[in-house]
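# What the coordinates show
For reference, the chains in residue letters:
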Amino acid sequence: MPSDARILVTGHRGMVGSALVRRLQARGYTQILTRSRAELDLLDQAAVYRYLVEHRPDYVFIAAAKVGGILANDTERADFLFQNLQIELNLIHGAHRAGVQRLLFLGSSCIYPRDCPQPIREDYLLSGPLEPTNEPYAIAKIAGVKLAESYSRQHGRQYISVMPTNLYGPGDNYDLQTSHVLPALIRKAHEAKQRGDASITVWGSGTPRREFLHVDDLAEACVLLMETGYDGPLLNVGCGQDLSIRELAQTVAAVVGFQGELVFDASKPDGTPRKLLDVSRIAQLGWRARTGLAQGIASAYQDYLGRSAP
C-alpha cells in the first residue's frame, strides 16, 4: 500500500478498529479515513453509498459490527442478524459501486459448525450446524464472507476475509451484560479483589476450551495481508493454542491479583465445547502471533484500570 493511500477503517472506535488504526499509523500511513457513528450511520445505505463515492478510498477494512458475548447474542438475536447483515451489505456493495478494488472483511470463528473437528480448518465452513446461542451473528458473518467472495469472483475485486479467534486487548468491552469471557473475568476479578470477596462466579462448567489472540496481533496480520496483496480464500487468524475456561480464569486471577476461590456455575451455558483454529494457512504467509497470554492479559488489565479510573 502506498503511504499516501486513502484507507477507510470502519468501526475505528472499537477494539479491532482502533488496533487497525494504531498499526496503520505505526506503519506510516497518512490518510486514514474514519467516521464515528454520529458522523456516518453504517445502517443507512444511502449515506454509506454517498460517503464511499465522495471519498473513494483505495482500501477498506470492515471492522464495524454489532458484537457481544453469549448473553447478548442469545437475547438480541434479531438485532445481531439484521444490523450485521445491513452493515456488510452497505459497505461491500457500496465499496464496489465506488470502485474500491481492495477490501478486508473481518469475520468471526463462530461461523464454523459447533462440533467441528479440531483444529478448525477454513474449509470446514458450512459443513455442519452452528452453535445455537450465536447462530444469528454467525449467519450474518457467513453472509459477509460470501459477499466478499462473490464480488471478487463476479466483478474481479480483491475482497478478502479473515477469521480471528477470540480477541482481547486495549479497547475491549467490560460491560458484564454484553462482554466476552476474558474481559468479563478481568472486571469480576478486579472488583472482587477491591471488595475483598472470598470468591467469584464464572459462567459454565469451566471445561470448554478457547483460543485467545491479542488484538494488536490481529491488526498486524490484517495490515500485512493488505500490504502483500493477498488475494486468496479466507484465512484463520489465531495463536494456534487453546486452554480451558478454568485455566483462563486462573490466569486472569493471577494477573489481577485475586486470591479467592473460583466458583463455576454449571447452570449457565457453556457454548461451543472447543474452538481452536488451524492457522497453518496464514503461517505459510510468514505471520504468527507474538503476544503471550499472560503478557496480553496484563496489558488488557492496565487498559481496564485506565478506563475505569474515576
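Each remark here, short or long, concerns the structure printed above.
So, a few notes on the structure that sits alongside this text.

What counts and how
- Residues numbered from 1 in each chain as written.
- Predicted model: local features only at pLDDT ≥ 70, side-chain atom pairs only at ≥ 80, totals over all residues.
- Heavy atoms only, no water.
- Phe/Tyr/Trp six-rings, centres within 6.5 Å; stacked < 30°, edge-to-face > 60°.
- Helix = DSSP H or I, 4+ residues; strand = E, 2+ residues; numbered from the N terminus.
- Buried < 20%, exposed > 50% of the residue type's maximum accessible area, 1.4 Å probe, protein only.
- Core = buried A, V, L, I, M, F, W, Y, C linked by side-chain atoms within 4.5 Å.
- Contact = heavy atoms within 4.5 Å.
- Polar contact = N/O pair within 3.5 Å; in protein donor to acceptor, adjacent residues only side chain to side chain.
- Pairing = 2+ DSSP bridges.
- Axes fitted to C-alpha atoms, helices over the stretch in contact; angles between N-to-C directions.

## Section: the packing of aromatic side chains
Following the criterion strictly, the structure yields two aromatic pairs and no others. On the numbers, 6.0 Å between centres and 85° between planes, the contact of Phe 80 with Tyr 137 is edge-to-face. Separated by 57 residues along the polypeptide, Phe 80 in helix α4 (residues 77-97) and Tyr 137 in helix α5 (residues 135-155) bring together distant segments of the chain. Assessed through its relative accessible area of 1%, Phe 80 is described here as buried.

## Some remarks on the nonpolar core
In this structure, Ile 7, Leu 20, Phe 61, Leu 104, Leu 106 and Tyr 112 are the most contacted members of the largest nonpolar core, which totals 75 residues. Here this core gets eight residues from one element, more than from any other, and that element is helix α7 (residues 215-227). Discounting residues that sit within four places of it in the chain, Tyr 112 has contacts with Ile 120, Arg 121, Glu 122, Tyr 124, Leu 125, Leu 130, Met 163, Leu 234, Asn 236 and Leu 277. Formed by 24 residues, the second largest nonpolar core is a distinct cluster that contains Leu 185, Ile 186, Ile 245 and Phe 258.

## Concerning helix α2 (residues 45-55)
Within α2, burial applies to Ala 47, Val 48, Tyr 49, Tyr 51 and Leu 52. Looking at the buried positions of α2, the neighbouring elements they touch are β1 (6-10), β2 (31-33) and α4. Where α2 begins, the side chain of Asp 44 points an oxygen toward the backbone nitrogen of Ala 46, at a separation of 3.2 Å. Of the residues trailing α2, Arg 56 is marked for its positive phi of about 40°.

## A few points about the environment of Pro 119
By secondary structure assignment, the location of Pro 119 is in the loop between β4 (102-106) and α5. Look at Pro 119 and you get partly exposed, because its relative accessible area is 36%. Residues Pro 119 and Gly 68, 51 residues apart in the sequence, show an inter-C-alpha distance of 24 Å. When residues no more than four places from it in sequence are discounted, the contact partners of Pro 119 are Tyr 124, Leu 276, Leu 277 and Asp 278.

## Focus on the sheet that holds β1
Reading across the sheet, the six strands line up as β2-β1-β3-β4-β5-β10 and stay open at both edges, with parallel pairing between neighbours. The two strands at the open ends of the sheet, each matched to only one other strand, are β2 and β10 (235-237). Each strand axis lies, on average, 20° off the axis of its neighbour in the sheet, ignoring direction. One ladder, built from four bridges, connects β1 with strand β3 (residues 59-62); its direction is parallel. Among the inter-strand pairings, Thr 10 is bridged to a residue of β3, identified as Ile 62. Contacting β4 and β5 (158-164), α5 crosses the sheet at an angle of about 155° to β5. The sheet strands contacting α7 are β3, β4, β5 and β10, and the helix crosses β4 at an angle near 155°.

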